[in-house]
Amino acid sequence: MSTTMQLLRTDWFGLLVAFLLGAIMLGVAQPSFLSTYNIYVILTAFALSVLVALSQMVIVAIGQLNLSVGAIGGLAAITFAGAMDLWNVPIPVAILIGLMVGVAGGALNGVVTHVTGLNAFVVTLATLSIFKGTNIGITEAQPFYDIPEAVKTFGNARFGFFPYLLFVSGAILVAVWVFMRRAVLGRQLLAVGGNRNAAELSGISIGRVVVAAHVLSGTLAAVAGMLAVARLQLGQPTIGDDWLIISFAAPVIGGAVLAGGHVSVGGTLLGVAIIMLINNALVLLNVNPYAVQLLLGALILAAVALSRFRDPA
Amino acid sequence: MSMKVVDGRAGPRGPTLALLASSEAGLLLITVGFVILFSYLTPGFSSPFNTYALTRVLAIDVVIGFSMMVVLVTGGLNLAVGAIGVCAVMVGGWAMEVAGLPILVAVVLALASGAALGALNGILTVAMRVHSFVVTLATMSLFFGAMIVMTKAQAFNALPAAFVSLAKLKTYFFASSMLYISIGIGVLLWWLFHHTLIGRQILAAGANTSAARLSGVPVERTIVVCHALSGALAAFAGLMLTARNGAALPSMAGQLGMDWLLPAFLAPVLGGTLLTGGTLSVAGTFLGAAMVTVLSNGLLQLELGEFWVQAFLGIILLVAVALDRLRAHLMAKRRI
């Protein structure tokens with residue numbers, strides 16, 4: 001097989017070409033696209049969304065789905081903000097509390113899914129309600145405003161076009177990439193998603209892998225939620241409400257198979273990048289920003305149709 | 001009104017136990033228990049005003065539950081129920097307010113657009129050979145986005161008085177007249193699934209796709225029919241909600257219509273409809289919705305904190321599905 005064919009067969013090559021073409025066209029049509037500030041805005045949105053997408057991706061890898069990604073992120077966000085606002089705890093402790101919420105939420109999803117053998121869809125629909133309901137119960141739908149200056153500054157500081165938030169997301173992105181490629185547990189996630197019985201017969205503890213995937217998913221969602229607090233400068237209870245579509249869209253565009261066993265960190269990254277590009281194009285070209293919902297839906301359908309075409313089952 | 005008692009899942013100890021073990025009877029007992037408890041705890045619960053408000057909410061949630069149930073029976077699901085409901089309602093609102101069409105024509109138009117959007121879900125599911133989850137996830141965003149772009153997020157709030165008054169009728173026992181409409185829809189669905197050829201074909205295809213295909217059931221057609229029916233029912237629920245609100249609101253089902261998802265799944269899942277497809281219980285869905293409505297209304301009346309109701313419903317869903325799982329497990333054991 002020639003190199004070109006090999007490149008075409010990867011998850012990321014076509015997406016990279018599409019992204020570059022789109023970026024060049026947008027840059028020509030609207031020079032302000034390439035302004036430092038605009039790139040900073042795109043990268044900030046990217047830093048948050050990529051974590052949301054990864055949070056869903058690790059669950060898609062084991063062949064399940066997680067409707068509660070946004071609800072966990074929101075709950076972690078308001079506990080993080082609430083701990084600093086109400087109890088005045090130091091920032092590192094607040095971060096730890098936020099992370100614990102993510103770990104606990106993910107562990108609940110994983111344990112219930114594994115122990116009862118119920119469809120992850122129903123379990124995470126129920127926990128979505130529990131987490132979101134707890135969020136609303138604690139905050140009574142009012143934001144926490146009193147966030148330390150250091151957090152606010154971090155969420156809005158930048159080197160030129162490079163937001164500080166992207167340091168966190170970038171490091172996590174690399175870590176997840178290494179984890180999925182090199183770590184034993186990462187490979188086990190894909191093995192369980194690809195063929196559960198084969199994985200079990202080769203000695204993998206399914207329960208451990210399922211719970212680990214959900215804990216990882218919850219933790220990633222919690223980090224995304226806390227970054228959103230830093231970015232918005234307040235503990236908004238609605239953080240996470242609009243994450244569902246993008247959490248699925250990016251991995252699916254990136255070539256993930258929803259039945260499990262095949263995900264691509266690079267593809268997911270490019271999926272998020274393309275969505276951010278579309279979003280930005282709609283804003284810069286003065287198109288109704290709500291059209292992004294429409295386009296995201298069409299994009300998911302196109303990605304699924306394309307994967308059917310590439311790999312007819 | 002149920003398949004469950006007939007198909008012997010209820011266990012071997014004679015009819016009384018069988019009836020008790022069915023999820024319908026259990027739900028009925030629990031719901032009645034809660035009604036008695038709440039009436040005892042708070043006088044507001046059994047007031048005529050509250051029973052009227054409660055039955056009006058129930059009437060809508062029952063139809064939302066039916067809308068999900070008819071897709072669950074194929075082994076699929078429909079995340080786009082809320083989005084379709086809102087889209088259909090906006091079509092109806094436009095027809096009444098802008099085009100000035102008669103109410104009946106506008107209602108038919110709204111139902112037809114709901115059915116068309118649902119059919120599109122079905123056709124895409126069949127054509128792409130993927131699970132309806134990913135198709136309806138995409139169309140939920142697609143439909144809702146298109147609706148917002150076309151309506152510019154503006155409500156139609158000058159609807160004809162005759163349409164709005166439909167939701168205000170009270171009948172015997174201070175129940176909303178809309179509840180009888182929902183019961184009527186339930187009876188029609190029961191008849192469809194148990195007494196017509198296509199209904200039987202849908203059940204067969206949902207239970208075992210390949211066996212059904214081998215015995216000549218047009219499996220693809222059953223999937224499209226179920227999704228179209230789901231769309232029409234979502235449109236109907238949307239119209240009832242519109243009549244209650246007195247306006248066609250783009251925000252009535254929340255962002256992307258997601259606020260409908262919990263009631264949509266709670267009612268059929270509590271009522272014993274399996275997510276794997278092939279079985280359904282119309283009466284169970286009705287009772288599931290009744291239990292949820294009674295509980296959320298009662299909790300609000302008790303003033304335990306209105307903000308905690310959603311968390312509570314989530315816990316109930318989790319416990320209910322886990323118990324159902326446990327019961328199926330115990331039944332299977334006893335049979336061996």
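Residues numbered from 1 in each chain as written. Chains lettered and ligands numbered in written order. Predicted model: local features only at pLDDT ≥ 70, side-chain atom pairs only at ≥ 80, totals over all residues. Heavy atoms only, no water.

Secondary structure summary: chain B contains 14 helices and zero strands in total. Along the first, second and third principal axes, the C-alpha set of chain B runs to 65 × 55 × 35 Å. Scored against the burial criterion, the 336 residues of chain B give a buried share of 55%. Put simply, 76% of the contacts in chain B that link residues at least 6 apart link residues at least 24 apart. Roughly 14,100 Å² of accessible area belongs to chain B as shown, and the carbon and sulfur atoms make up 72% of that amount. Computing the positive centroid from 17 side-chain charges and the negative centroid from 9, chain B places the two 10 Å apart. (Helix = DSSP H or I, 4+ residues; strand = E, 2+ residues; numbered from the N terminus. Buried < 20%, exposed > 50% of the residue type's maximum accessible area, 1.4 Å probe, protein only. Contact = heavy atoms within 4.5 Å. Areas by Shrake-Rupley, 256 points an atom, 1.4 Å probe, with all protein chains shown as cover. Lys, Arg positive; Asp, Glu negative; His and termini not counted. Charge placed at Lys NZ, Arg CZ, Asp CG, Glu CD.)

Moving on, we get to the nonpolar core. Residues Met-180 of chain A together with Leu-189 and Phe-265 of chain B are the most contacted members of the largest nonpolar core, which totals 201 residues. In this structure, Met-180 of chain A is in contact with Met-57, Ala-61, Gly-186, Arg-187, Leu-189, Leu-190, Val-263 and Val-265 of chain A, ignoring residues within four places of it in sequence. (Core = buried A, V, L, I, M, F, W, Y, C linked by side-chain atoms within 4.5 Å.)

For any two helices packed against each other, one specifies the crossing angle of their axes together with the interaxial distance. Residue and element names in this part refer to chain A. It is the contact of helix 9 (residues 184-194) with helix 11 (residues 206-232), at a shortest axis distance of 10 Å, that shows an interaxial angle of 105°. Taken together, the axes of helix 9 and helix 11 lie roughly perpendicular to each other. From helix 9, Leu-185, Gln-188, Leu-189 and Val-192 reach across to helix 11, where they touch Ile-206, Arg-208, Val-209, Ala-212 and Ala-213. Taken together, the residues of the contact of helix 9 with helix 11 break down into seven nonpolar, one polar and one charged. (Axes fitted to C-alpha atoms, helices over the stretch in contact; angles between N-to-C directions. Parallel < 35°, antiparallel > 145°, perpendicular 65-115°, else oblique. Nonpolar A, V, L, I, M, F, W, Y, C, P; charged D, E, K, R; others polar.)

Facing 42 residues of chain A, the contacting portion of chain B comprises 37 residues. With both chains or domains summed, chain A and chain B bury close to 3,600 Å², and 80% of this area falls on carbon and sulfur atoms. Summed over the shared surface of chain A and chain B, the result is zero salt bridges. Where chain A packs against chain B, one counts one residue pair in polar contact (both at pLDDT 80 or more). (Buried area = accessible area lost by both parts, 1.4 Å probe. Salt bridge = Lys/Arg side-chain N within 4 Å of Asp/Glu carboxyl O. Polar contact = N/O pair within 3.5 Å; in protein donor to acceptor, adjacent residues only side chain to side chain.)

Residues and elements named next belong to chain A. With 18 residues, helix 8 (residues 165-182) ought to run about 26 Å at 1.5 Å a step, and its terminal C-alpha atoms sit 26 Å apart, in line with that. Taken residue by residue, helix 8 has Leu-165, Leu-166, Ser-169, Ile-172, Leu-173, Val-176, Phe-179 and Met-180 as its buried positions. Mapping the buried residues of helix 8 onto a view down its axis gives an arc of 150°, with all of them on the same face. Of the residues in helix 8, the exposed ones pointing more than 90 degrees away from the buried face are Val-174 and Arg-182. Taken together, the buried residues of helix 8 touch helix 3 (36-61), helix 7 (149-156), strand 2 (162-163), helix 9, helix 11 and helix 13 (265-284). (Expected span 1.5 Å × (residues − 1). Arc of directions from axis to C-beta.)

Secondary-structure assignment places Arg-325 of chain B in helix 14 (residues 309-335). Setting aside anything within four residues of it in sequence, one finds Arg-325 of chain B in contact with Thr-116, Gly-117 and Leu-118 of chain A.

Residues and elements named next belong to chain B. Examined against the element boundaries, Ser-296 turns out to sit in helix 13 (residues 282-301). Taking the relative accessible area as the measure of exposure, Ser-296 reaches 15% and is therefore buried. Spatially, the C-alpha atom of Ser-296 lies 35 Å from that of Thr-125, the residues being 171 residues apart in sequence. Beyond its immediate chain neighbours, meaning those up to four positions away, Ser-296 contacts Val-309 and Leu-313.

Right, let's get into the environment of Leu-287 of chain B. Residues and elements named next belong to chain B. Looking at where Leu-287 falls in the secondary structure, it is placed in helix 13. Looking at Leu-287, the relative accessible area reads 14%, which means it is buried. In this structure the C-alpha to C-alpha distance between Leu-287 and Thr-151, which are 136 residues apart in sequence, comes to 36 Å. Dropping the residues within four chain positions of it, Leu-287 is found in contact with Glu-24, Leu-27, Leu-28 and Thr-31.

Moving on to the packing of aromatic side chains. Taken as a whole and judged by the stated rule, the model has 11 aromatic pairs over all chains. Ring geometry for Phe-121 of chain A versus Phe-133 of chain B: centroids 6.0 Å apart, planes at 80°, classification edge-to-face. Taken as a pair, Phe-121 of chain A in helix 6 (residues 120-139) and Phe-133 of chain B in helix 6 (residues 132-151) lie in two separate chains rather than in one. Here Phe-121 of chain A matches Phe-133 of chain B in class, with each residue buried. Ring geometry for Phe-34 of chain B and Phe-38 of chain B: centres 5.9 Å apart, planes at 20°, overall stacked. Here Phe-34 of chain B and its partner Phe-38 of chain B are both found in helix 2 (residues 23-41), four residues apart, which amounts to about one turn of the helix. An aromatic cluster is present here, built from Phe-154, Phe-159, Phe-162, Tyr-164 and Phe-167 of chain A joined pairwise through their rings. Residue placement shows Arg-158 of chain A over the ring face of Tyr-40 of chain A; its charged tip is 4.9 Å from the ring centre. (Phe/Tyr/Trp six-rings, centres within 6.5 Å; stacked < 30°, edge-to-face > 60°. Lys NZ or Arg CZ within 6 Å of the ring centre and 35° of its normal.)

Before going further, it helps to spend a moment on a nonpolar patch on the surface. All names here are of chain B. Where nonpolar side chains cluster on the molecular surface, the patch consists of Ile-315, Val-319, Leu-323, Leu-326 and Leu-330 and spans about 440 Å² of accessible area. Along the polypeptide, Leu-326 turns up in helix 14. Residue Leu-326 is classed as partly exposed on the basis of its relative accessible area of 45%. (Patch = residues over 30% accessible without salt bridge, like charges linked within 9 Å, V, L, I, M, F, W, Y side chains within 5 Å.)

Residue and element names in this part refer to chain B. You will see that Lys-152, though not glycine, has its phi angle at about 55°, which is positive. The class for Lys-152 is exposed, based on a relative accessible area of 62%. In this structure, Leu-256 takes a positive phi of about 60° despite not being glycine. Within the element layout of this structure, Leu-256 appears in the loop between helix 11 (219-245) and helix 12 (261-270). Among the residues examined, Leu-256 registers a relative accessible area of 3% and is labelled buried.

Residue and element names in this part refer to chain B. Put simply, chain B has an average pLDDT of 86, and 90% of its residues get 70 or more. Model confidence for chain B, summarised as mean pLDDT per element, is weakest for helix 1 (residues 14-21) at 48 and strongest for helix 5 (residues 103-128) at 96. Confidence drops under a pLDDT of 50 for residues 1-20, and excluding neighbours within four residues, the segment shows 33 contacts in the predicted structure. (pLDDT = per-residue confidence, 0-100.)

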